[in-house]
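So you can see what is in the structure, the chains are spelled out below.
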Amino acid sequence: MLYIGTAGYSYQDWVGPVYPLGTKKTDMLELYAREFGFSEINSTYYHLPGWKMAEGLAKKTPAGFRFVVKAFQQMTHSRDAGEEVFVRFAGALTPLTESGKMACVLAQFPYSFHCGQENRDYLRKFRELLPDLPLAVEFRNQRWVSQDTFELLKEEKIAYVCVDEPNLKGLLKPLAVVTAPPAYLRFHGRNAARWYDHRASYERYDYLYTEAELKEWLPRIAVLRERADDVYVSFNNHYRGQAVVNARTIRDMLRSAGI
């Protein structure tokens, strides 16, 4: 199954470009789910999720809808979360797992998460502490891209997250790799000028892909579909609904190409 969606759905600057004028935040998910089959939940990076939040997500979406839940920042960035945090995080997602709407946990590590033995061991620990949830890992540091890493992820049943991001030194290059289900691709935009030099975080993702840029990914997405039952394609260039524009475009392109 091919799922196309965006990194989040609840943005005030989507009112007008995406949602009808006057749309309340409480109504956004239901509107979003009329068109797309999955969404990433980013709020869980900033604070641990609660049972009621997950229950609400499950109730507001139709059967077959999926959620990718971003790991809490203590689990990926400061990496000082104890076992209790992992247990609370997983337990809160029970309504999504029981409803069949849990796609995977997304562990997005920062550039400073270097490829070394200590961090390879941390990936094993991460997997051990979330034994019952599908897990996908996104690296920001190009040094992780190696056959050794892919073998580690396969061994631990962790999905590798393919990315499209600015062509800057040290960042990951475009690759179609599947190490465990599901296959996963995230588009961050190619705003190289604002990737590091920005005042507000949204500036980094202020980018609209051209059709030519999206077309580059069609053969790679075809590879992902051949190697995995489920493929998730997410757009994180969310500023003013650009992610929705690009999600619609690539959806149409994939249909036309029979992918």
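Predicted model, so just to flag it, every value in this text is computed and none were measured.

Definitions and cut-offs
Residues numbered from 1 in each chain as written. Predicted model: local features only at pLDDT ≥ 70, side-chain atom pairs only at ≥ 80, totals over all residues. Heavy atoms only, no water. Helix = DSSP H or I, 4+ residues; strand = E, 2+ residues; numbered from the N terminus. Buried < 20%, exposed > 50% of the residue type's maximum accessible area, 1.4 Å probe, protein only. Polar contact = N/O pair within 3.5 Å; in protein donor to acceptor, adjacent residues only side chain to side chain. Contact = heavy atoms within 4.5 Å. Pairing = 2+ DSSP bridges. Right-handed = clockwise from strand over helix to strand, strands pointing away. Arc of directions from axis to C-beta. 1 Å grid on protein atoms, 1.4 Å probe; cavity = no way out; pocket = protein on both sides within 12 Å on 5 of 7 lines; lining within 4 Å. Points joined across faces, edges and corners; volume = space filled by probe spheres on them. Nonpolar A, V, L, I, M, F, W, Y, C, P; charged D, E, K, R; others polar. Axes fitted to C-alpha atoms, helices over the stretch in contact; angles between N-to-C directions. Parallel < 35°, antiparallel > 145°, perpendicular 65-115°, else oblique. Left-handed = near helix turned anticlockwise from the far one by under 90°.

Draft legend 1. Spotlight on the side chain of Arg186. Relative to the helices and strands, Arg186 resides in strand 7 (residues 183-187). According to the relative accessible area criterion, Arg186 is buried, its value standing at 0%. Reaching out from Arg186, the side chain makes a polar contact with the side chain of Gln108 at a distance of 2.9 Å. Setting aside residues no more than four positions away along its own chain, Arg186 makes contact with Ala7, Glu40, Lys70, Leu106, Gln108, Glu138, Val161, Cys162, Val163, Asp164, Ser234 and Asn236.

Draft legend 2. Fine view of the pairing of strand 2 (residues 38-41). Neither face of strand 2 is exposed, since Phe38 and Glu40 on one face and Ser39 and Ile41 on the opposite face are all buried. Two strands pair when backbone bridges link them, and strand 1 (residues 2-7) and strand 2 are joined in this way by three bridges, in the parallel orientation. Paired with Ala7 across the two strands is Glu40, which belongs to strand 2. As for the winding sense of the linkage, the β-α-β connection from strand 1 through helix 1 (residues 25-32) to strand 2 is right-handed. Examined bridge by bridge, strand 2 and strand 3 (residues 66-70) share four bridges and lie parallel to one another. Bridge pairing in strand 3 places Glu40 opposite Val68.

Draft legend 3. Examining helix 8 (residues 147-156) more closely. Those residues of helix 8 that fall on the buried side of the exposure criterion are Thr149, Phe150, Leu152, Leu153 and Glu156. All buried residues of helix 8 project into a common sector of 160° when viewed along the axis, lining one side. Facing away from the buried surface of helix 8 by more than 90 degrees, the exposed residues are Asp148 and Glu155. On its buried side, helix 8 packs onto helix 7 (117-129) and strand 6 (158-164). Phi for Lys157, located one or two positions after helix 8, is positive at around 60°.

Draft legend 4. Examining the environment of Arg127 more closely. Mapped onto the elements, Arg127 comes out in helix 7. On the basis of relative accessibility, which here comes to 10%, the residue Arg127 falls in the buried class. Linking Arg127 and Val178, residues 51 residues apart in sequence, is a C-alpha distance of 17 Å. Every residue in contact with Arg127, bar those within four places of it in the chain, is listed here: Leu133, Leu135, Glu156, Lys157 and Ile158. Here the side chain of Arg127 touches Leu130 through a polar contact of 2.4 Å, landing on its backbone oxygen.

Draft legend 5. Geometry of the layout of surface pockets. Of the pockets and cavities examined, the largest pocket occupies roughly 880 Å³. Listed by contribution, the elements that provide at least two residues to the lining of the largest pocket are helix 1, strand 2, helix 2 (43-46) and helix 3 (51-60). Broken down by element, the lining of the largest pocket gets its largest block of residues, four residues, from helix 3. Taken together, the residues that form the lining of the largest pocket break down as 17 nonpolar, 12 polar and six charged. Within this model, the second largest pocket holds a volume of roughly 290 Å³. Every residue lining the second largest pocket is counted, 17 residues in all, and those nearest its centre are Leu2, Tyr3, Ile4, Arg251 and Arg255. Only strand 1 and helix 12 (242-257) provide two or more residues apiece to the lining of the second largest pocket. A class-by-class count of the residues in the lining of the second largest pocket yields 11 nonpolar, two polar and four charged.

Draft legend 6. Just the packing of helix 7 against helix 8, in detail. Between helix 7 and helix 8, whose axes approach to 10 Å, the crossing angle comes to 20°. Here helix 8 runs roughly parallel to helix 7, going by the angle between their axes. The element helix 7 and its partner helix 8 pack so that their crossing is right-handed. On helix 8, the residues touching Arg120, Leu123, Arg124 and Arg127 of helix 7 are Asp148, Thr149, Leu152, Glu155 and Glu156. Along the lines of polarity and charge, the residues of the contact of helix 7 with helix 8 split into two nonpolar, one polar and six charged.

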